[in-house]
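Residues per chain, in single letters:
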Amino acid sequence: MVTAHGLPRGFPYRLIYNQRSLWVKRRRRKSILRPCSAEKLLSHSTKELEPEKEYEHAVSKGEERKKDMAKARKEETKAGDSEDVLPGIPPVPSSNHPKSGVAFVLEKASLVPAYVGRTYEILNPDKHADFLRKKNMNPYDYRPDIVHEILVDILGSRLNMAGMVQAVFVKTDLGHLIKIKPHVRIPPTLGKFCAMMSQLLQKFSIKARGGGEKLMQLIDNPLVKHLPVNSRIIGLSVSSPKAVRLRDYVDDVGNDCTPVFVIGAMAHGKINSDYTDDLISVSALPLSAGVCVRRICYELERKWRIL
């Protein structure tokens, strides 16, 4: 049989198509590899170099602007330093923000670890009520929720967001001393907080993810050697004979020293006032530790004009 094209049926048409495609490819290669004139090469190279020159020119202009701005800043600082100050009249400070900020100490925090079954946990009366009852232990002496509430209030305050909180120290009933950095994120729930604190007491430190920075760690006693030199340690107790108005007292504290407020983190009892410089009472009625912390943060924010 013969087809309409004049070729027999079963003829290998693919060979013709393959030969045609090879011929087309060879023609394309020859057209690509044709040598061009020297003038075309020179014109092409100059076109490529023009944007590079423009970029270098723009970079040089940017560097000149940066140098001019740096010179202007230096001149402004020299002019500010060269201003004459009248003898006997101190210069007015530019801002009310102190250089060191504020620190907090939480005394007698009830972070007591124990093996409940096979797990190492911080004792919590809401979770371990049966365990405390079997051991004849007073549930009011085991209140990790007070420490959790205080830390959430301090580290979530505008005072800490403005960078004015220098550090937070926690002294437990068992004598452990914990240093907490101000940029730590405290877990919002009490269960996760207790798990984190039990891990801290076992490993002695908690590091940040992806780095070696210690966010929380156990440090050596006494506390005084970890405080700044110009610190003023202020204890709060309802039984103190020195009753003050907190706003006036905070205003009287100078910006050249670091106020360190010592607050009791327990349900009942008194703080250890042996190392404090001053022991004050801010209310005739007993206040919770969370209320005291919030009042202190509010007064410091007002004094340092933190909006």
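Rules and cut-offs
- Residues numbered from 1 in each chain as written.
- Predicted model: local features only at pLDDT ≥ 70, side-chain atom pairs only at ≥ 80, totals over all residues.
- Heavy atoms only, no water.
- Pairing = 2+ DSSP bridges.
- Helix = DSSP H or I, 4+ residues; strand = E, 2+ residues; numbered from the N terminus.
- Buried < 20%, exposed > 50% of the residue type's maximum accessible area, 1.4 Å probe, protein only.
- Axes fitted to C-alpha atoms, helices over the stretch in contact; angles between N-to-C directions.
- Contact = heavy atoms within 4.5 Å.
- 1 Å grid on protein atoms, 1.4 Å probe; cavity = no way out; pocket = protein on both sides within 12 Å on 5 of 7 lines; lining within 4 Å.
- Points joined across faces, edges and corners; volume = space filled by probe spheres on them.
- Nonpolar A, V, L, I, M, F, W, Y, C, P; charged D, E, K, R; others polar.

1. A short note on the pairing of strand 5 (residues 177-180)
Sheet topology note: the strand 4 (residues 165-172)/strand 5 ladder contains four bridges and is antiparallel. Directly across from Val168, in strand 5, lies its bridge partner Ile180. Between strand 4 and strand 5, which pair antiparallel one after the other, the connecting turn spans four residues, and Gly175 there sits at a positive phi close to 95°. Of the pairings in the sheet, the one linking strand 5 to strand 7 (residues 214-219) comprises four bridges and is antiparallel in character. The residue bridging Lys179 from the neighbouring strand is Gln217, located in strand 7.

2. What to know about the environment of Ile271
Tracing the backbone through its elements, the reader meets Ile271 in the loop between strand 9 (258-264) and strand 10 (278-280). Each C-alpha atom, one on Ile271 and one on Leu106, is 9.1 Å from the other, the two residues being 165 residues apart in sequence.

3. Here we look at the side chain of Glu107
Looking at where Glu107 falls in the secondary structure, it is placed in strand 1 (residues 102-109). Residue classification places Glu107 among the buried residues on the basis of a relative accessible area of 3%.

4. Re the sheet that holds strand 4
Spatially, eight strands are ordered 6-7-5-4-1-9-8-10 in an open sheet, and the strand pairing comes out mixed. Since the sheet does not close on itself, it has two edges, and those belong to strand 6 (205-207) and strand 10, each with one partner. Each neighbouring strand pair of the sheet contributes to a mean axis angle of 20°, computed without reference to strand direction. Where strand 8 (residues 231-236) lies against strand 9, five bridges are found, and the strand directions are parallel. Within the sheet, the bridge partner assigned to Arg232 lies in strand 9 and is Pro259. Sitting on the sheet, helix 8 (residues 289-303) is in contact with strand 1, strand 8 and strand 9, with an inclination near 165° to strand 9.

5. Remarks on empty space enclosed by the protein
Overall, the coordinates contain one cavity of 30 Å³ or more when judged by the stated rule. In this structure, the largest cavity spans a volume of roughly 40 Å³. Together, Ile234, Tyr249, Val250, Val253, Pro259, Phe261, Leu300, Lys303 and Trp304 line the largest cavity. When contributions to the lining of the largest cavity are tallied by element, the ones reaching two or more residues are helix 7 (246-252), strand 9 and helix 8. Per-class residue counts for the lining of the largest cavity are eight nonpolar, no polar and one charged.

6. What about the layout of surface pockets?
The volume enclosed by the largest pocket comes to roughly 520 Å³. In this structure, the largest pocket is lined by 25 residues; those nearest its centre are Gly264, Gly269, Leu287, Ser288 and Ala289. Contributions of two or more residues to the lining of the largest pocket are made by helix 4 (144-155), strand 9 and helix 8. With three residues, the top contributor of residues to the lining of the largest pocket is helix 8. Here the lining of the largest pocket is composed, by residue class, of 14 nonpolar, eight polar and three charged. What the second largest pocket holds in volume is close to 230 Å³. What lines the second largest pocket is simply Val184, Arg185, Met196, Gln199, Ile206, Lys207, Ala208, Arg209, Leu215 and Met216. The set of elements that each furnish at least two residues to the lining of the second largest pocket consists of helix 6 (190-203), strand 6 and strand 7. When its residues are assigned to classes, the lining of the second largest pocket shows six nonpolar, one polar and three charged.

7. Some details on unusual backbone geometry
Peptide bonds are, in most cases, trans, and in most cases residues other than glycine have a negative phi. Residues Asn221 and Pro222 are joined by a peptide bond in cis, for which omega reads 5°. With respect to the helices, strands and loops of the structure, Pro222 is situated in the loop between strand 7 and strand 8. Positive phi outside glycine occurs at Lys108, with the angle close to 55°. Looking at the element boundaries, Lys108 is found in strand 1. Here Lys108 falls in the partly exposed class, since its relative accessible area comes to 33%. Of note in the backbone geometry, Asn136 takes a positive phi value of approximately 55° without being a glycine. With respect to the helices and strands, Asn136 occurs in the loop between helix 3 (129-134) and helix 4. Under the relative-accessibility criterion, Asn136 is labelled exposed at 71%.

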